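Each chain, letter by letter, is given below.
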Amino acid sequence: MSKDNPIVKKELKEVKNIIIVASGKGGVGKSTVAASLAMTLAMEGYSTGLLDADIYGPSLPMMFDIQQCRPTVVEENGKTMIEPIVRFGIKLMSIGLFVDPAKAAIWRGPLAASGMKQMIDQTQWGKLDYLIVDTPPGTGDIHISLLQEYKVSGVVIVTTPQMLSTGDVQKAINLYADKTIGVPVLGVIENMAWFTPENHPEEKYILFGKGGGDALAKKFSVPLLAQIPLNEKLCQECDYGKMNEVINSSLIKTHFDSIANQITKQLPVTE
Ligand SMILES: Nc1ncnc2c1ncn2[C@@H]1O[C@H](COP(=O)(O)OP(=O)(O)OP(=O)(O)O)[C@@H](O)[C@H]1O
Ligand SMILES: [Mg+2]
């Protein structure tokens, strides 16, 4: 990009911070982390929104049990706007609330990116302290559009411990840290770090290797925000829309309280 033609990133007037949750890899827990972080921030009293930018595989409707909800579309000053669905105090928006996910899954990149932009621009977010954005795996059109077009406060990177995953994730960090369109990398979250059975909290089974999150954080000089264990309840409850139960389970809550604390310190909300 030349000096004469700098990138101008759009700021959402009433949204103080946009935080992206990303990873180069699929299935590592991006949506789980995004939803749990949004829940924690909302429970701490921050006005919070959660956008599902995973046009190809939206999971927010299921996680919040709002598959049957259809957002209301309203006209505001001649512009078509969408009212978000509110659950547990969080303003939620997902393409899965409008389009059959099987149909969205075959959209080409530019169409998917324009669907994502429409959801950001046309949702009536109102005043938000934090808008958390869950992204699809990879580093495609959706990620690049988000970075090029919006003033994003930072990105949280999710990985699993094994090296293969961290290899893919490095590509994503390199995109987010790009000099032209990049944003601050707030830290790395290592998910599925080990397994501890609910009824044997003293036991720790390392299933997918060890130390990948820490190595990644050190390599890019960013904080390792948390190591989240595999938890059988978390998996079931996310799949049944019980985010409130997930976040109140003691094994999970302490990790997300700590993550939210580190993020709100890095991105404090000022009046
Ligand atoms: N710490 C965990 N313990 C147990 N199950 C987990 C954990 N984290 C995520 N899961 C489960 O793993 C599956 C994948 O998680 P999730 O959908 O959050 O990953 P993702 O990175 O968003 O995937 P995709 O790339 O497909 O969007 C889900 O069924 C989720 O409930
Ligand atoms: Mg996901």
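Details of the structure are given in the entry above.
**Re the overall build of the protein chain**
Helix and strand counts for the protein chain come out as ten helices and ten strands. A globule of 271 residues ought to have a C-alpha radius of gyration of about 18 Å, and the protein chain, at 18 Å, matches this closely. C-alpha extents for the protein chain along the principal axes are approximately 60 × 45 × 40 Å. The long-range fraction of contacts in the protein chain, counting pairs at least 24 apart against all pairs at least 6 apart in sequence, stands at 80%. Put simply, the protein chain shows about 12600 Å² of open surface, and 53% of that area lies on carbon and sulfur atoms. Taking the average place of the 26 positive charges on the side chains of the protein chain and the average place of its 29 negative ones, the gap between the two points comes to 5 Å.

**Here we look at the site of ligand 1**
Taken together, 18 residues lie around ligand 1, and Lys30, Ser31, Thr32, Asn191 and Asn231 are the ones closest in. A distance of 2.9 Å separates an oxygen atom of ligand 1 from a polar backbone atom of glycine 27. At 2.9 Å, a backbone N or O of asparagine 231 approaches a nitrogen atom of ligand 1. For the shell around ligand 1, the elements supplying multiple residues, two or more each, are α1 (30–43), β9 (185–195), β10 (224–230) and α8 (232–239). Broken down by element, the residue count for the shell around ligand 1 peaks at four residues, all from α8.

**Points about the sheet that holds β10**
Within the open sheet, the eight strands sit side by side as β5-β6-β2-β7-β1-β8-β9-β10. Their pairing is mixed. With partners counted over all chains shown, the strands left at the sheet margins are β5 (85–87) and β10, one partner each. Neighbour to neighbour, the strand axes of the sheet diverge by 25° on average, direction disregarded. Sheet topology note: the strand β1 (residues 15–22)/strand β8 (residues 154–159) ladder contains four bridges and is parallel. What sits directly across from isoleucine 20, in β8, is valine 155. Relative to β9, helix α7 (residues 212–219) is tilted by about 165°, and along the sheet it contacts β8, β9 and β10.

**With respect to the packing of α1 against helix α10 (residues 250–266)**
It is at 9 Å that the axes of α1 and α10 come closest, and there the two elements cross at 75°. Considering the angle they form, α1 stands roughly perpendicular to α10. Contact residues: Val33, Ser36, Leu37, Thr40, Leu41 and Met43 in α1; Lys253, Phe256, Asp257, Ile259, Ala260, Ile263 and Thr264 in α10. A class-by-class count of the residues in the contact of α1 with α10 yields eight nonpolar, three polar and two charged.

**Concerning the pairing of β1**
When you tally the buried positions in β1, you get seven out of eight residues, the bulk of the element. Note that β1 and strand β7 (residues 128–134) share six bridges and pair parallel. By the bridge assignment for β7, isoleucine 19 is matched with isoleucine 132.

**Description of unusual backbone geometry**
One non-glycine residue, methionine 192, lies in the positive phi region at around 60°. As for its placement among the helices and strands, methionine 192 is situated in strand β9. Its identity as a non-glycine residue notwithstanding, serine 221 has a phi of 55°, on the positive side.

**Section: the packing of aromatic side chains**
Applying the stated criterion across every chain, the model contains two aromatic pairs. Ring geometry for tyrosine 46 against tyrosine 130: centres 5.3 Å apart, planes inclined by 80°, an arrangement best described as edge-to-face. Taken together, the residues span a long stretch of sequence, with tyrosine 46 in the loop between α1 and β2 (48–52) and tyrosine 130 in strand β7 at a distance of 84 residues. For tyrosine 46, a relative accessible area of 25% puts it in the partly exposed group. Tyrosine 130 sits in the buried class, given a relative accessible area of 0%. Looking at arginine 87, its charged tip hangs above the ring of phenylalanine 88, at a distance of 4.6 Å from the centre.

Cut-offs used in this document
- Residues numbered from 1 in each chain as written.
- Chains lettered and ligands numbered in written order.
- Predicted model: local features only at pLDDT ≥ 70, side-chain atom pairs only at ≥ 80, totals over all residues.
- Heavy atoms only, no water.
- Helix = DSSP H or I, 4+ residues; strand = E, 2+ residues; numbered from the N terminus.
- Rg over C-alpha atoms; globule rule 2.2 N^0.38 Å.
- Contact = heavy atoms within 4.5 Å.
- Areas by Shrake-Rupley, 256 points an atom, 1.4 Å probe, with all protein chains shown as cover.
- Lys, Arg positive; Asp, Glu negative; His and termini not counted.
- Charge placed at Lys NZ, Arg CZ, Asp CG, Glu CD.
- Near = heavy atom within 4 Å.
- Polar contact = N/O pair within 3.5 Å; in protein donor to acceptor, adjacent residues only side chain to side chain.
- Pairing = 2+ DSSP bridges.
- Axes fitted to C-alpha atoms, helices over the stretch in contact; angles between N-to-C directions.
- Parallel < 35°, antiparallel > 145°, perpendicular 65-115°, else oblique.
- Nonpolar A, V, L, I, M, F, W, Y, C, P; charged D, E, K, R; others polar.
- Buried < 20%, exposed > 50% of the residue type's maximum accessible area, 1.4 Å probe, protein only.
- Phe/Tyr/Trp six-rings, centres within 6.5 Å; stacked < 30°, edge-to-face > 60°.
- Lys NZ or Arg CZ within 6 Å of the ring centre and 35° of its normal.

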